[in-house]
Amino acid sequence: MADVQRIYSANRFDYVLLDEIGNGGSATVYRAFYLPLNAVVAVKCLDLDRCNNGSLENIRLETQTMSCVDHPNLVRAYSSFVVDRNLWVVMPFMSVGSCLHAMKKAHPSGLEEIEICFILKETLKALDYLHRQGHIHRDVKAGNILVDSNGAVKLSDFGVSACMFDSGDRQRCRNTFTGTPCWMAPEVMQAETGYDSKADMWSFGITALELAHGHPPLSEYPPLKVLLMTVQNAPPRLGDKKFSKSFKDMVAMCLVKDPKKRPNAGKLLKHSFFKHAKPPEVSLKKLLAYFRPPLNPVTVLQIQNSESAQQLPSKNMASAAEYEARSMRECQKGISAWTFDIQELKAQAATLLLDDDNDETLESSLVDNYRDGLTVMGNCNQLFPLKC
Amino acid sequence: MPEKSLGLVAGGEASNGGWMRGVVGLSEEGFKMMKGICISKPGGATSRAVAQRLRHPAAQSDSTPTSSTLYDKSSSTKMKGLFKSKPRTPVDIVRQTRDLLSFAARSSESRESKREEKMAELFKNLRELKSILYGNSESEPVSEACAQLTQEFFRENTLRLLITCLPKLNLEARKDATQVVANLQRQQVNSRLIASDYLEANLDLLDILIAGYENTDMALHYGAMLRECIRHQTVARYVLESQHMKKFFDYIQLPKFDIAADAAATFKELLTRHKSTVAEFLSKNYDWFFAEYNSKLLESSNYITRRQAIKLLGDILLDRSNAAVMTRYVSSKDNLRILMNLLRLFAAKQNKPPDIVSILVANKSKLLRLFADFKTNKEDEQFEADKAQVMREIAALELRDRP
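All values derive from a computational prediction rather than experimental measurement. (Residues numbered from 1 in each chain as written. Chains lettered and ligands numbered in written order. Predicted model: local features only at pLDDT ≥ 70, side-chain atom pairs only at ≥ 80, totals over all residues. Heavy atoms only, no water.)

### With respect to the overall build of chain B
Quick note on the threshold: Numbering of helices and strands runs from the N terminus, with a helix taken as a DSSP run of H or I at least four residues long and a strand as a DSSP run of E at least two residues long. Per-residue accessibility, obtained with a 1.4 Å probe over protein chains only, is compared with the maximum for each type, and a residue is labelled buried under 20%, exposed over 50%, and partly exposed between these values. By the convention used here, residues are in contact when the closest approach between their heavy atoms is within 4.5 Å.
Counting secondary structure elements, chain B contains 24 helices and 2 strands. Counting every position in chain B, which comprises 403 residues, the buried fraction comes to 51%. The contacts of chain B with a sequence gap of at least 6 include a subset with a gap of at least 24, amounting to 72%.

### Details of helix α23 (residues 364–372) of chain B
Residue and element names in this part refer to chain B. Keep this limit in mind: Note that the arc is computed from the directions linking the helix axis to the C-beta atoms.
For α23, every residue scored as buried is listed here: L367, L368 and F371. Taken around the axis of α23, the buried residues stretch over an arc of 95°, which confines them to a single face. In α23, the exposed positions that point more than 90 degrees away from the buried face belong to K366 and R369.

### Quick look at the domain arrangement of chain A
All names here are of chain A. Applicable threshold: Domain segmentation is taken from an automatic or database assignment of domains. In this description, buried area is defined as the sum, over both parts, of the accessible area (probe of 1.4 Å) that is lost when the two are combined. The working definition used for a salt bridge is a side-chain nitrogen of Lys or Arg within 4 Å of a carboxyl oxygen of Asp or Glu. Nitrogen and oxygen atoms within 3.5 Å of one another constitute a polar contact, given that in protein one can donate a hydrogen and the other can accept it, and given that sequence-neighbouring residues count only through two side-chain atoms.
Taken domain by domain, chain A consists of domain 1 (1–93) and domain 2 (94–162 + 170–293 + 320–331). On the domain 2 side, the residues contacting the 17 residues of domain 1 number 20 residues. Of the roughly 1700 Å² buried between domain 1 and domain 2 on both sides combined, carbon and sulfur atoms contribute 59%. Among the residues domain 1 hides against domain 2, the three largest losses belong to N73, L74 and F93. Together they make up 33% of the total. Joining domain 1 to domain 2, the criterion identifies 0 salt bridges. Summed over the shared surface of domain 1 and domain 2, the result is 6 residue pairs in polar contact (both at pLDDT 80 or more). Elements supplying a minimum of two residues to the side of domain 1 that touches domain 2: β1 (15–24) and α2 (53–68).

### Examining the sheet that holds strand β9 (residues 153–155) of chain A
Put simply, the rule reads: DSSP bridges decide pairing: two strands pair if at least two such bridges lie between them.
With antiparallel pairing, the 3 strands of this open sheet are ordered in space as β6-β8-β9 (chain A). Edge strands, defined here as strands with exactly one partner in the open sheet, are β6 (97–98) and β9 of chain A.

### So, helix α9 (residues 158–165) of chain B
Most of α9(B) is tucked away, with 6 of its 8 residues classed as buried. Of the positions making up α9(B), those classed as buried are B:T158, B:L159, B:L161, B:L162, B:I163 and B:C165.

### Considerations on the pattern of salt bridges
Throughout the structure, instances matching the rule amount to 29 salt bridges over all chains. We note a salt bridge from A:R60 to B:D262, for which the minimum N-O separation is 3.8 Å. Here B:D262 lies in helix α16 (residues 257–272) and A:R60 lies in helix α2, a pairing that spans two chains. The same class applies to A:R60 as to B:D262, namely buried. Its salt-bridge partner being B:E128, residue B:R88 comes within 2.6 Å of it at the nearest N-O pair. Placement of B:R88 in the loop between α5 (77–82) and α6 (90–105) and of B:E128 in helix α7 (residues 112–134) is noted, with a sequence separation of 40 residues between them. One network of salt bridges, in which partners are shared, links B:R95, B:R98, B:E152, B:R155 and B:E156.

### Section: the interface of chain B and chain A
Interfaces are often described in size by the accessible area the parts lose on coming together. Stated precisely, the cut-off is as follows: Under the scheme applied here, ten amino acids are nonpolar (Ala, Val, Leu, Ile, Met, Phe, Trp, Tyr, Cys and Pro), four are charged (Asp, Glu, Lys and Arg), and all others, including Gly, are polar.
Chain B puts 40 residues into the contact, and the matching count from chain A is 41 residues. Along the contact surface separating chain B from chain A lie 1 salt bridge. If you look at where chain B meets chain A, you find 11 residue pairs in polar contact (both at pLDDT 80 or more). Of all the secondary structure elements, the ones that give two or more residues to the side of chain B that touches chain A are α7, α10 (171–184), α13 (219–229), α16 and α19 (303–318) of chain B. When the residues that make up the side of chain B that touches chain A are grouped by side-chain class, the tally is 12 nonpolar, 10 polar and 18 charged.

### Here we look at the packing of aromatic side chains
Inclusion rule: Stacked, edge-to-face and tilted labels apply to pairs of Phe, Tyr and Trp rings (six-membered ring for Trp) whose centres lie within 6.5 Å, assigned for plane angles under 30 degrees, over 60, and everything in between, in that order. Lysine NZ or arginine CZ positioned within 6 Å of the ring centre and within 35 degrees of the ring normal marks a charge as sitting over the ring.
Applying the stated criterion across every chain yields a total of 27 aromatic pairs over all chains. Relative to B:Y251, the ring of B:Y213 lies with its centre 5.4 Å away and its plane at 45°, an arrangement referred to as tilted. Here B:Y213, found in the loop between α12 (204–211) and α13, pairs with B:Y251, found in helix α15 (residues 244–251); they are 38 residues apart in sequence, far enough to count as distant. Taking 5.4 Å as the distance between ring centres and 70° as the angle between the ring planes, the aromatic pair formed by B:F249 and B:F267 counts as edge-to-face. With B:F249 in helix α15 and B:F267 in helix α16, this residue pair connects regions lying 18 residues apart in the sequence. Across this residue pair, the class does not change: B:F249 and B:F267 are buried. Joined through ring pairs, the aromatic side chains of B:Y213, B:F248, B:F249, B:Y251, B:F267, B:F281, B:Y286, B:W288, B:F289, B:F290, B:Y293 and B:Y329 make up one cluster. Positioned above the aromatic ring of A:W183, the side-chain terminus of A:K141 is 5.4 Å from the ring centre.

### Describing the confidence of the model for chain B
All names here are of chain B. Using the following cut-off: As a per-residue measure, pLDDT reflects the predictor's confidence and takes values from 0 up to 100.
Scored by pLDDT, chain B has a mean of 77; 73% of the residues are at 70 or more. Counting contacts from residues 1–81, a segment whose pLDDT is below 50, to residues more than four positions away or on other chains yields 99 contacts. Interface predicted TM-score (ipTM) for the complex: 0.71; the corresponding pTM is 0.72.

### A closer look at the pairing of strand β5 (residues 86–92) of chain A
Residue and element names in this part refer to chain A. Where burial is concerned, most of β5 is hidden: 7 out of the 7 residues are buried. Across 7 bridges, strand β3 (residues 39–47) lies against β5 in antiparallel orientation. Among the inter-strand pairings, D47 is bridged to a residue of β5, identified as N86. Inspection of the sheet shows strand β4 (residues 79–83) paired to β5 by 5 bridges, in the antiparallel sense. Bridging across to β5, F81 finds its partner in W88.

### A few points about the environment of B:F383
Among the secondary structure elements, B:F383 is positioned in helix α24 (residues 381–396). Considering only alpha carbons, one finds B:F383 and B:R127, 256 residues apart in sequence, at a separation of 60 Å.

### Digging into the confidence of the model for chain A
All names here are of chain A. Mean pLDDT over chain A: 74, with 66% of residues reaching 70 or higher. When mean pLDDT is compared element by element in chain A, helix α8 (residues 245–254) scores highest at 96, while helix α17 (residues 356–371) scores lowest at 33. Confidence drops under pLDDT 50 across residues 297–343; counting only partners more than four residues distant or on other chains, this segment forms 85 contacts. In the predicted structure, residues 349–388 sits below a pLDDT of 50 and forms 68 contacts with residues beyond four places in sequence or in another chain.

### Describing the UniProt feature "binding site: ATP" (unreviewed entry) in chain A
As a reminder of what qualifies: UniProt positions are given in the numbering used here, feature names are shortened, and annotations may be inferred rather than shown by experiment.
Residues annotated in UniProt with the feature "binding site: ATP" (unreviewed entry) correspond here to A:K44. Note that A:K44 resides in strand β3.

### Comments concerning the nonpolar core
Heads up, the rule is: We define a nonpolar core as any set of buried Ala, Val, Leu, Ile, Met, Phe, Trp, Tyr and Cys residues linked to one another through side-chain atoms lying within 4.5 Å.
Counting 85 residues, the largest nonpolar core has B:L169, B:F248, B:F267, B:L271 and B:Y293 as its most contacted members. In terms of residues, this core owes the most to one element, α7(B), which gives 8 residues. The contact partners of B:F248, leaving out residues within four places of it in the chain, are B:I210, B:Y213, B:L226, B:V239, B:A263, B:T266, B:F267 and B:L270. A:I116, A:Y129, A:A185 and A:F273 belong to the second largest nonpolar core, which has 59 residues in total.

Given below as structure tokens:
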């Protein structure tokens, strides 16, 4: 059994960081070159100074989960090690980037059904695997589904994933409030009921709508309103005439408010919609054509002068404008580290809805922030999203 | 499965008889239970699920060719009508797992194709054991089934076989096995943790688990099992008093973060869970333990190691049961110098994170007063220099230093 854990070293000097490909909160992701194998990888550099001791434990669990998954549709951690005050996590490099990024660039108003079908089927296989192991991903969305130049699809970001079997006890359900509002299942918002892996199935349904329309339902509203509307309103539907009946039916099965009535991932894989899935060279042909082939790693290495190669590339390497644009783009994914007081939140939501005059101004400022991506800090009293 | 392998799988004639008793025993229990439940809670969804599960203990698993062949061979036709899906009891699954593990342990003798088949069977059994202990998306675990499984598991050397065969399993089976072992540590049979009794009689298994940190492929699985095993006080005492304890100082600094962090988590568990055992260990082993702790962990070049070591040291010394150890620790000048060096690191760091600056600024006057009163009896230039530098850094701090 050739194990990636042994192939990739834990020596920082084996890795040459190239350009920054993502930035969110306390972590920056770089495209990097792994010298012993002549291979391009992605390296996530996590600033440990910005993590408290409690989150160190979460980082351990996330890294361990990532190094123990072995599924073609999940991003595995090849290696992880400490460099100065950062933790480097080595992962496969997915050249196209996230589905969200691909969609924004190639089809801002949504992908075609043939593309969606393939991407969703691959994602569903990953969820089936995770759920069978007792994990809940808790942050399924287009921004966390990565695609590479061959059309391989991998679900990433276990930052908020939880294990139902943590430390030997079966936990009936989780009741931590976590995820990103638009994709969040109603039972996750109603913290008192608790939730299980079916919460991912709701997010999966929302992701389907996101891929079909270019954005998830309710994305024009501020987070508080999204929470309220998800709990109170009827579930969103796929209505467009251009989509097939089986696609609409599949989405409707996921977006049922009662989690018990949602199918699990294994069952949903058998849905007729996924029988039509074509291989990536057919289904993603048009999408992949938008993205130029990956740079030849050798050329990249020559361009990159060896003097700065062993260092973290400094931010002024790319022009300030370019950096800004890239960082904005990545921020649109939305940073999702949510743990806060649900009661507080409900109280806030109530005042927001009661006070119509304030609603207007609050909403617009929140929407602006929301579009830039947002962070909500743990147990915060004021719910204004912070710019990242 | 071919007829030939039946003997091995079923573990011979005697085992067949036991297997039959298992089926009957469980089903009687199951029917009794079902009746009871129906009276108290007619038609409750949970009770139906429980009853169903007791009738089909290996619910969710397909009835394997092995079990059905076996069944036909050893049973009367009367029984056949009673159990349509020919379920295997938890006891059957444990027994079969044990047989397959013994096979895997001496596997090199047999042909490759047969081996693959048996390994696949073993992986499936492990998954079934996990499903009984944890339940699955459709059903909750049933305590009766868990108790039977646990009892059979520790009746013989299943745990030893599982631990020694773990490197021969594939990744998924290793994860399943780890979760099974973790769960079994908490299963009570007649209000006894029989896992603890078993481990007490088989303490050498801990040696295998601890040595796992030296094997990249096994470290996380053995590490997770180890952490569950040291929940038992006698097991924790064994590890604390063993020669292995010294090795943890190296394991914590292994280059691979996931493994090093796992060792650190186990180390922390060993030094915090069982208070009286820890206090006894620390007072007996004070000298070498803190010498290692200071030189290897607090003065490590690895940032995470230092940070976790400071946190753990605080937890240990501030625990009331370790009061004697604390008094001894804080009367050492060397210890003070090391901690001051650490404080100097915090104070001297450029671009200090805002929350660190706030803490230092908030405590500025107190810290400065404390340092000003700090005098050693003998002259010590190094100490004075360190002290002066820390004081300079702290005195210069203001809130506007926040980046």
